[in-house]
Amino acid sequence: MTTRPSDREQSAEGNPAPKISAQPPAQGGSAAAAAPPVPTGGQGKAKREGTAKTSGDGAPSDRAKTPAKAKPAGASGRGALPVPSGHPGKARPGGLLPPAKPGPGKFPQPRPRAGSAPAAGLIPVVPLPKPNKAARSVLRKLVQGEAPPTAPMNIVDRLAGSPYANFTIQVGKAEESARKTIDFALRLAETMFRYGAGALEVETSIIAVTAALGLRNIEVDITNQSVVINYAPRDAVPITLLRVVRSWTNNYAGLVAVHELVTEITSGGVTRDEAYRRLDVIVKKPKPFPRWLVSMAEAVFAAAVVGVIGGTFMGMVVSFVTILLASQVSRVLGKWRVPDFFVTSISSFIVTMVALLCFMLHVPLSPSVVVAGGILLMLPSGRLVSAVQDAINGFPVTAAGRFLSAFLTFGAIVAGIAVALVTSAVFGADRLDVAETISGSLPLFWVLVLVAVATVAICIAEQTAIKLLLPTMGVALAGYLVYYAGMQLGLGGRFAPAVAAVVIGMLARIIALRLGAPQLVVAVPSIIFLLVGLSIFRAMFVMTLTPDDSVSGAVGIFNALVVILAVAAGVVLGDNLGRPFTRSLNGARDRRRNRRR
């Protein structure tokens, strides 16, 4: 076989690589005989061309001693080039070409199948196991959570479980009008706070409105009587606005109207400009009931409470007249800008003095019952329950402020009663025990009638919408029946109010949302007859005015706080238990809106 200079050498000279003509080797010849001659030109060149290496003593190495086997010639008569040993099928770096492809009568050996017996000298092929995706998914869920544990909570997630969970985002230039949207949200929050809404209702309303109007990167901070909204989009100037609420009023009808407005905004049916105009109408709209009717309703409520807790008919009449007088005095003092603390003290003083005068004139009544019925309207029972609800829902600062306000009201009531008792003692009257335990003596039927009348009266006093008067009365009756059944079954004075509060909270959510109102406006008037505030008043009165019995007064305060916590927690629990029954309301509202479109 004749071999020309290597490809690498010719390519260096600029000539194309020549073809190699091969002749079949002689029979019995070795592969070394068929190998091309090595060109002379130096030891380093010989090493590059794959010649035999020698050891340090001049003897040939093991690789040089082992002759390479030559492949047999193919059917075409062309022989295959020799391949250096140790590297089958690969060319040496000395310029040898790779082995020639098999000729027409030569086919490559088939690859052995998995599981079959391997040929001699070959490594068996072991198939890789297929990955089990289901097992990996289950293991990943067990080891890793759905979201990173340090990821911040999206503020829109706060709407889960609220009436505004399924809101609609209005597409528009939201970023350019962010200031107007935040101003509207702050005014909405201020209106809700003034009308008696809780912190959770205010927060969810702000988040729902801003999200529906296109603002997602907001933060809301509610602290007792102030609301802060911060809007900080990425790569833009942040906006932070503050609004302080300095006045409160009873207007549950206005709160219902605001709730309906927020619901329509989140449904995508009201724009921001239209929402501005509707909120102005709600704020300027007069309350549903006139002042004289509110005063009459407060007096009727006090008389009904006296009858429920065991008072006589004469006691109910005296309580009616006393509350009418106290309400007129309170209205005059309010016009003079007298603080609420002194207004409450003067009102409780009037109620106690009227009861003492009737007792000195030998009127057939129980002064303690008259005092209890008169001050029940002044007790901040709803404020206490709202404070506990705020604490449970994650607003501790707001809850602390409401607790302080409630205990100041209790202090004002105790101060007014103490001044009246001291004044009567100066004129020689006997000291009364206004903190004695009172138990009703009327049949259950008449008690239910009085509860119904008193519930409607307190709804009128709180300016509830007319459409909610009868539903609230029904919820109150159901709650009182549960309370009465619990007391008859021996649940005790702590557990029975809690069970009744759970029922009231669940029914209030279901009924209120079906009528387009928040749960608060139905739940708060319905828990008045659980007498939450009366127990803590008695405990404070005993601890303040009877120093010898201060220990029992402290125990009474603790028991009263336990009952208040149980009632408030029961209302919150009932609200959560009623969520599965109100999930379909959003879908029905969306279907009605689609039909209107």
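Criteria and thresholds
- Residues numbered from 1 in each chain as written.
- Predicted model: local features only at pLDDT ≥ 70, side-chain atom pairs only at ≥ 80, totals over all residues.
- Heavy atoms only, no water.
- Helix = DSSP H or I, 4+ residues; strand = E, 2+ residues; numbered from the N terminus.
- Buried < 20%, exposed > 50% of the residue type's maximum accessible area, 1.4 Å probe, protein only.
- Polar contact = N/O pair within 3.5 Å; in protein donor to acceptor, adjacent residues only side chain to side chain.
- Contact = heavy atoms within 4.5 Å.
- Pairing = 2+ DSSP bridges.
- Phe/Tyr/Trp six-rings, centres within 6.5 Å; stacked < 30°, edge-to-face > 60°.
- Expected span 1.5 Å × (residues − 1).
- Axes fitted to C-alpha atoms, helices over the stretch in contact; angles between N-to-C directions.
- Parallel < 35°, antiparallel > 145°, perpendicular 65-115°, else oblique.
- Left-handed = near helix turned anticlockwise from the far one by under 90°.
- Nonpolar A, V, L, I, M, F, W, Y, C, P; charged D, E, K, R; others polar.

Colleague: Can you walk me through the side chain of Asp 390 in this structure?
Modeller: Checked against the element boundaries, Asp 390 lands in helix 14 (residues 381-392). Using a relative accessible area of 3% as the deciding quantity, one classes Asp 390 as buried. At 3.4 Å, the side chain of Asp 390 and the backbone nitrogen of Ala 199 are in polar contact. Excluding residues within four positions of it along the chain, Asp 390 makes contact with Gly 198, Ala 199, Leu 200, Phe 395, Pro 396, Thr 398, Ala 399 and Arg 402.

Colleague: Quick question: what am I supposed to make of the pairing of strand 2 (residues 226-231) here?
Modeller: Along a regular strand, successive side chains alternate from one face of the sheet to the other. Taken together, the 6 bridges between strand 1 (residues 218-223) and strand 2 define a ladder with antiparallel strand orientation. Residue Glu 219 lies in a different strand from strand 2, and its bridge partner there is Asn 230. Hairpin connection of strand 1 to strand 2: 2 residues between the antiparallel strands, including Asn 224 at a positive phi of 55 degrees. The sheet contact formed by strand 2 and strand 3 (residues 239-244) spans 6 bridges and is antiparallel. Pairing of Ile 229 across the sheet is with Leu 241, part of strand 3.

Colleague: I keep staring at the packing of aromatic side chains and nothing clicks. Help me out?
Modeller: The relative placement of two aromatic rings is captured by the distance of their centres and the angle of their planes. Evaluation of the coordinates by the stated rule reveals 6 aromatic pairs. For the pair Tyr 480 and Tyr 483, a centre-to-centre distance of 6.1 Å together with 50 degrees between the ring planes defines the contact as tilted. On the criterion of helical spacing, the pair formed by Tyr 480 and Tyr 483 is a turn pair, its members being 3 residues apart in helix 17 (residues 469-488). Each member of the pair, Tyr 480 as well as Tyr 483, carries the same accessibility label: buried.

Colleague: It is not clear to me how helix 6 (residues 178-194) should be interpreted in this structure. Could you clarify?
Modeller: One full turn of an α-helix is made of 3.6 residues, so residues set three or four places apart face in the same direction. The terminal C-alpha atoms of helix 6 lie 24 Å apart, and with 17 residues this matches the ideal 24 Å at 1.5 Å per residue to within 8%. Within helix 6 the residues assigned to the buried category are Ala 178, Thr 181, Ile 182, Phe 184, Ala 185, Leu 186, Leu 188, Ala 189, Thr 191, Met 192 and Phe 193. Backbone geometry just downstream of helix 6 places Gly 196 in the positive-phi region, at approximately 100 degrees.

Colleague: Can you walk me through the packing of helix 12 (residues 340-360) against helix 13 (residues 367-375) in this structure?
Modeller: Any two packed helices are characterised by how steeply their axes cross, that is the angle between the axes, and by the distance between the axes. Between helix 12 and helix 13, whose axes approach to 9 Å, the crossing angle comes to 160 degrees. By the criterion of interaxial angle, the relationship of helix 12 to helix 13 is roughly antiparallel. Helix 12 and helix 13 meet at a crossing whose hand is right-handed. Residues Val 351, Thr 352, Ala 355 and Phe 359 of helix 12 form the contact with helix 13, whose own contacting residues are Pro 367, Val 370, Val 371 and Gly 374.

Colleague: Is there a simple way to think about the packing of helix 6 against helix 8 (residues 252-266) in this case?
Modeller: The contact between helix 6 and helix 8 brings their axes to 10 Å, and the two run at 150 degrees. The angle between helix 6 and helix 8 falls in the class roughly antiparallel. Helix 8 is crossed by helix 6, and the crossing has left-handed handedness. Two secondary-structure elements touch here, helix 6 through Phe 184, Leu 188, Thr 191 and Met 192 and helix 8 through Leu 255, Val 258, Leu 261, Val 262 and Ile 265. Residue composition of the contact of helix 6 with helix 8, grouped by class: 8 nonpolar, 1 polar and no charged.

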